[in-house]
Amino acid sequence: MRYISNDMMKKGKHKVLFVCLGNICRSPAAEGIMRDITSRAGADSEWEIDSAGTGRYHIGELPDRRMRVHARERGIDLTHHCRQVCSSDFEDFDLIIGMDESNLRDLHRMAPSPEAEKKIVAMASFFNPGNRYDYVPDPYYEGSEGFELVLDLLQEGCANLFDSLNKQ
Ligand code: 4NP
């Protein structure tokens, strides 16, 4: 698992932004899962959690109905409204977490400075060692299994992310 250095995460709240392409499937699911984990741990006040998309196709929309249904089955309500990543995100958040290589490339292109680029990490860097995925696959054109797989990967990664930052 990726080691997060002390200087990467400033003291105070943990401010994390999850990013995918559309901001209607993977990243709002990651946001909802992370909110669920921090709330169960009684740590909501120590975290600032949001999500955004590199694209602008679905701005203002709720997450994809299929993702909302699958997340609800795991007790997680997704209420985020889609927004696009903006330059102030690189100031407002300490960790910017991309779902796949394409998201990560776009984020590196958008980052306003080398300092800002250091905040960009792959969601897969929080997966358990031995996980056969090294990215979170886009479920948009997939069936139910695609959405379930994304939720499995995100629940594993977000739990590890929580543990790694909670120790600091
Ligand atoms: P996401 O999935 O990046 O996980 O939100 C997608 C949602 C919509 C589209 C692509 C990916 N789209 O092309 O509209």
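Before reading on, note that the structure itself is shown above.
What counts as what
- Residues numbered from 1 in each chain as written.
- Predicted model: local features only at pLDDT ≥ 70, side-chain atom pairs only at ≥ 80, totals over all residues.
- Heavy atoms only, no water.
- Buried < 20%, exposed > 50% of the residue type's maximum accessible area, 1.4 Å probe, protein only.
- Helix = DSSP H or I, 4+ residues; strand = E, 2+ residues; numbered from the N terminus.
- Pairing = 2+ DSSP bridges.
- Right-handed = clockwise from strand over helix to strand, strands pointing away.
- Salt bridge = Lys/Arg side-chain N within 4 Å of Asp/Glu carboxyl O.
- Near = heavy atom within 4 Å.
- Polar contact = N/O pair within 3.5 Å; in protein donor to acceptor, adjacent residues only side chain to side chain.
- Areas by Shrake-Rupley, 256 points an atom, 1.4 Å probe, with all protein chains shown as cover.
- Nonpolar A, V, L, I, M, F, W, Y, C, P; charged D, E, K, R; others polar.
- Axes fitted to C-alpha atoms, helices over the stretch in contact; angles between N-to-C directions.
- Contact = heavy atoms within 4.5 Å.
- Parallel < 35°, antiparallel > 145°, perpendicular 65-115°, else oblique.
- Left-handed = near helix turned anticlockwise from the far one by under 90°.

1. A closer look at the pairing of strand E2 (residues 47–53)
- Burial of E2 is extensive: six of the seven residues sit out of reach of the surface.
- Sheet analysis places strand E1 (residues 14–20) next to E2, joined by seven bridges and oriented parallel. Its bridge partner lying in E2, Val19 is registered against Ala52.
- In this fold, the crossover linking E1 to E2 by way of helix H1 (residues 26–40) has right-handed handedness.

2. With respect to unusual backbone geometry
- One non-glycine residue, Asn23, lies in the positive phi region at around 55°.
- Examined against the element boundaries, Asn23 turns out to sit in the loop between E1 and H1.

3. A few points about the pattern of salt bridges
- In total, this model carries eleven salt bridges according to the counting rule given.
- Here Glu148 ties to Arg74 by a salt bridge, and the two come within 2.7 Å at their closest N and O atoms. Residue Glu148 is located in helix H6 (residues 144–166), and its partner Arg74 is located in the loop between helix H2 (65–73) and helix H3 (89–92); the two are separated by 74 residues in the primary sequence.
- With relative accessibility at 26%, the residue Glu148 sits in the partly exposed group.
- Residues participating in the shared-partner salt-bridge network are Asp50, Arg83 and Asp89.

4. Side note on the site of the ligand
- Near the ligand you find Cys20, Leu21, Gly22, Asn23, Ile24, Cys25, Arg26, His58, Asp138 and Tyr140, and these make up its full shell.
- Gly22 is positioned with one of its backbone polar atoms (N or O) 2.8 Å from an oxygen atom of the ligand.
- Contact between the ligand and Cys25: an oxygen atom at 2.9 Å from a main-chain N or O atom of the residue.
- Protein chains bury 91% of the 350 Å² of accessible surface belonging to the ligand in isolation.
- Residue classes in the shell around the ligand are distributed as five nonpolar, three polar and two charged.

5. Regarding the sheet that holds E1
- Pairing is parallel across the open sheet formed by four strands, whose spatial order is E2-E1-E3-E4. The open sheet terminates on both sides in strands that have one partner only, identified here as E2 and strand E4 (120–122). The mean inter-strand angle of the sheet, taken between neighbouring strand axes irrespective of direction, is 25°.
- Running at roughly 170° to E2, H1 makes contact with E1 and E2 of the sheet.
- Its contacts with the sheet put H6 on E1, E2 and strand E3 (95–98), and the angle it makes with E1 is roughly 155°.

6. Re the packing of H2 against H6
- Closest axis-to-axis distance for the H2/H6 pair is 10 Å, and the angle between their directions is 55°. What the angle tells us is that H2 and H6 run oblique. As for the relative orientation of H2 and H6, their crossing is right-handed in sense. From H2, Arg66, Met67, His70, Ala71 and Glu73 reach across to H6, where they touch Ser144, Phe147, Glu148, Val150 and Leu151.
- Tallied by class, the residues present in the contact of H2 with H6 amount to five nonpolar, two polar and three charged.

7. Some words on the side chain of His80
- Along the chain, His80 falls in the loop between H2 and H3.
- Polar side-chain contacts of His80 include one of 2.8 Å to the side chain of Asn23.
- A distance of 3.3 Å separates a polar side-chain atom of His80 from the backbone oxygen of Ser51.
- Residues within four places of His80 in sequence aside, it is in contact with Asn23, Pro28, Glu31, Asp50, Ser51, Glu61, Leu62 and Pro63.

Read these as geometric descriptors, not functional statements.
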